[in-house]
Amino acid sequence: MLEALRLDGRVAVVTGASRGLGRAMALALAEAGADLALAGRSKPDLEETAHRVEGLGRRALVVPTDVRVLAEVEALVGRAVSGLGRLDILVNNSGVAHVAPLALMPPEEWTRMLETNLTGAFNGCRAAAPHFLGAKRGKIINVASMLAAVGLSGYASYAATKGGIVAFTRALAVEWARHNVQVNAIAPGWFVTDMNAHAFADERLRERLLRDVPMRRTGREEEIGPLVVYLASPASDFMTGQTIFLDGGHSAA
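Think of each chain on its own: its residues are numbered from 1, step by step along the sequence as written. pLDDT decides what is reported in this predicted model: residues at 70 or higher carry local features, side-chain atom pairs at 80 or more are listed and counted, and totals for whole chains, interfaces and linings draw on all residues regardless. Computation of side-chain values covers all heavy atoms of the structure but excludes hydrogens and water.

Trainee: Describe the overall build of the protein chain, and please don't skip the residues or the numbers.
Mentor: Assigned secondary structure in the protein chain consists of eight helices and seven strands. With the radius of gyration taken over C-alpha atoms, the globule rule is written as 2.2 Å times the number of residues to the power 0.38. Over its C-alpha atoms the protein chain spans a radius of gyration of 17 Å, differing by no more than 12% from the 18 Å that the globule rule assigns to 253 residues. Viewed in the frame of its principal axes, the protein chain has a C-alpha envelope of about 50 × 40 × 35 Å. Computed with a 1.4 Å probe, the accessible areas rest on the Shrake-Rupley method; for each residue, only the protein chains presented here act as cover. Surface summary for the protein chain: the accessible area is close to 11500 Å², and the carbon and sulfur share equals 55%. Only four residue types enter the tally: Lys and Arg on the positive side, Asp and Glu on the negative side; His and the chain ends are excluded. Charged side chains are reduced to one point each, which is NZ for Lys, CZ for Arg, CG for Asp and CD for Glu. Counting 27 positive and 26 negative side-chain charges, the protein chain places the averaged centre of each group 4 Å from the other. Going along the chain from the N terminus, every DSSP run of H or I of four or more residues is numbered as a helix, and every run of E of two or more is numbered as a strand.

Structure follows, in structure tokens:
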């Protein structure tokens, strides 16, 4: 059973790998045996992730990338294939958030979230398509959010992009199932990251956010690793089109 979770000889592209959950997922994939092409906007942070991957005995490429631009994502995938020899796994994790009432949401922030969170996933899948469809194999893991299923004031725009990820994942999974490409999504709940650390530093706000979480705590970064390894491995070959909520029960409550 444990052998089915090994990723030895596999190559993964992880976007948003510079910190937080992206870094945690990249390190988990490396620990399972995969080599990594690491994408994001901050080269120094990507280099820190690469250093940790190499410390686990795996190869790592640092490829600064703006996922909103298809040509840059195509170059990322090309670098992964030319530098590491193949492409087996794609993790579309890059994301941004701007919290504000819809009536006050700057249109440019709506566009930035849409282009990064949803178009970025499209660009990743579009760039990987020739490699996955040609090889008749592949694993795609899109990162959604529990806010795709749970309403929260101030998050309407962000939630729309993540709801789009869930629908995109389901439809693409059906489209590519006959090509032996599995497409699934992870919908994290509250994990403390650079994106939301300021909110959880406020004790009253932290209490408010966790009030609806049955486990009454935030997730730990290392808790996402086993799930991403499972979805990237042969153990999940019969699973596709699914969104798994890793949220302490928030979406079930």
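Once you've had a look at it, read on.
Trainee: For the side chain of Q182, give the residues involved together with the corresponding values.
Mentor: Mapping Q182 onto the fold places it in strand β6 (residues 181-188). Overall, the relative accessible area of 6% leaves Q182 in the buried class. Among the polar contacts listed, one links the side chain of Q182 to the side chain of K139, at a separation of 2.9 Å. In protein, a polar contact requires one atom able to donate a hydrogen and another able to accept it; more generally it is a pair of N or O atoms within 3.5 Å, and residues adjacent in sequence count only if both atoms are side-chain atoms. Separated by 3.2 Å, the side chains of Q182 and N180 make a polar contact. A 1.4 Å probe rolled over the protein chains alone gives each residue an accessible area, and that area as a share of the maximum for its type sets the label: buried under 20%, exposed over 50%, partly exposed in between.

Trainee: Pulling in residues and values, what's your account of the sheet that holds strand β5 (residues 138-143)?
Mentor: Spatial ordering of the open sheet is given by β3-β2-β1-β4-β5-β6-β7, a layout of seven strands whose pairing is parallel. Each edge of the open sheet is held by one strand with a lone partner, namely β3 (60-64) and β7 (243-246). Taking each pair of neighbouring strands and ignoring which way they run, the sheet shows an average axis angle of 15 degrees. At least two bridges found by DSSP between two strands are what make those strands a pair. Pairing between strand β1 (residues 11-14) and strand β2 (residues 35-40): four bridges, direction parallel. Its bridge partner lying in β2, A12 is registered against L36. On the sheet, helix α4 (residues 107-135) packs against β4 (89-92), β5 and β6 and is oriented at approximately 175 degrees with respect to β4. Note on method: axes are straight lines fitted to C-alpha atoms, helices fitted across the in-contact stretch only, with angles between N-to-C directions ranging 0 to 180 degrees. The contact criterion used throughout is that any non-hydrogen atoms of two residues lie within 4.5 Å.

Trainee: Account for the packing of helix α3 (residues 70-84) against α4, naming residues and giving values.
Mentor: Between α3 and α4, the shortest axis-to-axis distance is 9 Å and the interhelical angle comes to 40 degrees. Here α3 lies oblique to α4, going by the angle between them. In the crossing of α3 with α4, the sense of the turn from one axis to the other is right-handed. Between α3 and α4, the residues in contact are L70, V73, E74, V77 and V81 and N123, G124, R126, A127, A128 and H131, respectively. The labels follow the angle: roughly parallel below 35 degrees, roughly antiparallel above 145, roughly perpendicular from 65 to 115, and oblique for the rest. It is the rotation of the near helix from the far one that decides the hand of a crossing: anticlockwise by less than a right angle makes it left-handed, clockwise makes it right-handed.

Trainee: Give me empty space enclosed by the protein: which residues, what numbers.
Mentor: The method works on a 1 Å grid over the protein atoms by themselves. A cavity is a set of points holding a 1.4 Å probe that cannot get out, a pocket is an open set with protein on both sides within 12 Å along at least five of seven lines, and residues with an atom within 4 Å of a point line them. Grid points are joined across faces, edges and corners, and a volume is the space filled by probe spheres set on the points. Scanning all chains against the criterion turns up one cavity of 30 Å³ or more. What the largest cavity holds in volume is close to 70 Å³. In this structure, the largest cavity is lined by T15, V67, N92, N93, S94, T116, N117, G120, A121, V143, K162 and I165. Counting residues per element, the ones that place at least two in the lining of the largest cavity are α4 and α5 (156-176). A total of four residues in the lining of the largest cavity trace back to one element, the largest contributor, which is α4. Only Asp, Glu, Lys and Arg are considered charged in this grouping, and only Ala, Val, Leu, Ile, Met, Phe, Trp, Tyr, Cys and Pro are considered nonpolar; every other residue, Gly among them, is considered polar. Here the lining of the largest cavity is built from residues that sort into four nonpolar, seven polar and one charged.

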